[in-house]
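# Breakdown of the fold
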Amino acid sequence: SDVLFRDRVQIVAGEQSNLVRRQKIDLHELSRERWILPRSDSLAGSAIGDAFRSRGITFPPSGVIWGGASLMRAMLPQRDYVGAAPASLLRFGGNLRDLKVLRVDLPIRPWPVGILTLKRRTPTAVTQYFIDCAREVVGPFVNREGHLR
């Protein structure tokens, strides 16, 4: 395996949200907000649920809508919702860049995102080209610790 970067969940809101101007927000405060969350059986959705429960907060919070990136894109900029998404989706998902990351300390460990190759198998030229391109694309966005900026 070759780890390209370590991904993490980030909490986001639309540019007009009052939460965007806050320097630090406790997860307990956000439990009273309306949420748009990734499905609970996804990696990010499961991690958010674990984060809430580890802090003794009821999960899911009231007013939650389960959905993906397209729903977040449609709802967050216009309404007072809070969302959660992997940093990679926010960085590389072109239609989500206008969402603002909130300063929330989440008890969620970053997870590796990478490329797996089979032992004793030489990648085809096309596969190797894809791997090289993936490294080139993410390289400028990865800090010394291997996390996305």
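So, a few notes on the structure that sits alongside this text. Please read all numbers here as calculations on a predicted model, not as lab measurements.

Two side chains carrying opposite charge are able to pair once their charged atoms lie near each other. Under the counting rule described, the total for this entry stands at 7 salt bridges. A salt bridge links D2 to R135, with the nearest nitrogen and oxygen atoms 2.3 Å apart. A residue pair is termed long-range when its members are at least 10 positions apart, and D2 in strand β1 (residues 2–7) and R135 in helix α5 (residues 125–138) qualify at 133 residues. Look at R135 and you get partly exposed, because its relative accessible area is 37%. Put simply, R55 and D105 hold a salt bridge, and the shortest N to O gap is 3.7 Å. A residue pair is termed long-range when its members are at least 10 positions apart, and R55 in the loop between α2 (43–54) and β4 (64–66) and D105 in the loop between β6 (100–101) and β7 (111–115) qualify at 50 residues. The partly exposed category is assigned to D105, whose relative accessible area is 47%. Overlapping salt bridges, with partners in common, bring together D2, D132 and R135 in one network.

In this structure, A69 sits in helix α3 (residues 69–75). As for A69 and K119, which are separated by 50 residues in sequence, their C-alpha atoms are 35 Å apart.

Side chains that are nonpolar tend, in soluble globular proteins, to be buried together. Counting 23 residues, the largest nonpolar core has V9, I11 and I48 as its most contacted members. Of all elements in the fold, only β2 (9–13), α1 (27–30), β3 (34–37), α2 and β5 (81–86) reach the threshold of two or more residues within this core. At 5 residues, the largest contribution of residues to this core is made by α2. Ignoring sequence-local partners within four residues, the contact set of V9 consists of A44, A47, I48, A84, A85, P86, L106, I108 and W111.

Thresholds, definitions, all that
- Residues numbered from 1 in each chain as written.
- Predicted model: local features only at pLDDT ≥ 70, side-chain atom pairs only at ≥ 80, totals over all residues.
- Heavy atoms only, no water.
- Salt bridge = Lys/Arg side-chain N within 4 Å of Asp/Glu carboxyl O.
- Helix = DSSP H or I, 4+ residues; strand = E, 2+ residues; numbered from the N terminus.
- Buried < 20%, exposed > 50% of the residue type's maximum accessible area, 1.4 Å probe, protein only.
- Core = buried A, V, L, I, M, F, W, Y, C linked by side-chain atoms within 4.5 Å.
- Contact = heavy atoms within 4.5 Å.

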